[in-house]
Amino acid sequence: MWSYISEVKNSPLRANRMEIANLIQEQERLRKKVSLKNEFKKLVIIAGADCAFDEENIYCALALFSFPEIKPIEIKTSRVKLRFPYIPGFLSYREKGAYLKTYKKLKNKPDVILFDGQGISHPRGFGLASHLGVLLDKPTIGCAKSRLVGEYKMPDKSRGSFSPLIYQDEIVGYVLRTQNDVAPLFVSPGYKIDFATTKEIILKSAIKYRLPEPLRIAHIISQSLKRKGGR
């Protein structure tokens, strides 16, 4: 913990910083609000949410698609000042302002949001997708390219193969192969959604590539904004 606290204090990003101990307390308090039951009537609109960074700014993109057709509906973006350093386990404090600002711009509201980050597969069970789910009161899924916590066996190489991600003797997500012979994704429920539905939605929206299409497009757009400086 103390190395993390030093990282925050020594970071040039000093505005709005908090002691790591306080952040941990907040995560543990908000985690109690997380539900892992499906709390949406019907999935009609799905969103992908991703951020890119340079030294000063966050470039955020939300890409909305119809479900299960996976056809584009709406895209909104934002650029905000970067005010929090990168610290593993606290990504939501770095990105949440950008996501909240971009979400407010949407004309359509998604039924489920996919985030490039963790759901409950997190040291305190409260990753980026869980945190934003609580703040927005929307069902969310964490869909990460790498593991933050847990142990697993590598799934078979065929699309749809998966293995449980185990942390502290509990299943916190799945290691899921979304296409044949590609690296798996680390998928976990974030908020107001169950494990089985999480896996089903990721597979149905990963129609051609490793990433689910809404998340893939959000990633492309946020990276493009970064290259253009938000213009």
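This is a predicted model, so every value here is computed, not measured. (Residues numbered from 1 in each chain as written. Predicted model: local features only at pLDDT ≥ 70, side-chain atom pairs only at ≥ 80, totals over all residues. Heavy atoms only, no water.)

(A) Up close: the confidence of the model for the protein chain. Averaged over all residues, the pLDDT of the protein chain equals 91, while 91% of them reach at least 70. Across residues 1–16, confidence stays below pLDDT 50; counting only partners more than four residues off in sequence or on other chains, it has 27 contacts. (pLDDT = per-residue confidence, 0-100. Contact = heavy atoms within 4.5 Å.)

(B) Layout of the environment of Gly 48. Secondary-structure assignment places Gly 48 in strand 1 (residues 45–53). Classification of Gly 48 as buried rests on a relative accessible area of 0%. Separated by 21 residues in the primary sequence, Gly 48 and Gln 27 have C-alpha atoms spaced 23 Å apart. Residues in contact with Gly 48, not counting those within four places in the same chain, are Ala 61, Leu 62, Ala 63, Leu 114, Pro 214, Leu 215 and Ala 218. (Helix = DSSP H or I, 4+ residues; strand = E, 2+ residues; numbered from the N terminus. Buried < 20%, exposed > 50% of the residue type's maximum accessible area, 1.4 Å probe, protein only.)

(C) Representation of the pairing of strand 4 (residues 112–115). Here strand 4 shows two buried faces, one formed by Val 112 and Leu 114 and the other by Ile 113 and Phe 115. In the sheet, strand 1 pairs with strand 4 via four bridges, with the strands oriented parallel. Paired with Gly 48 across the two strands is Leu 114, which belongs to strand 4. The sheet contact formed by strand 4 and strand 5 (residues 140–144) spans three bridges and is parallel. Bridging from a neighbouring strand, Phe 115 pairs with Gly 142 of strand 5. (Pairing = 2+ DSSP bridges.)

(D) Unusual backbone geometry, seen in detail. A cis amide bond, omega 10 degrees, links Phe 67 with the succeeding residue Pro 68. In this structure, Pro 68 sits in the loop between strand 2 (57–66) and strand 3 (72–81). Residue Gln 168 is not a glycine yet carries a positive backbone phi of 55 degrees. Tracing the backbone shows Gln 168 in the loop between strand 6 (162–167) and strand 7 (170–176). The exposure class assigned to Gln 168 is exposed, which follows from its relative accessible area of 61%.

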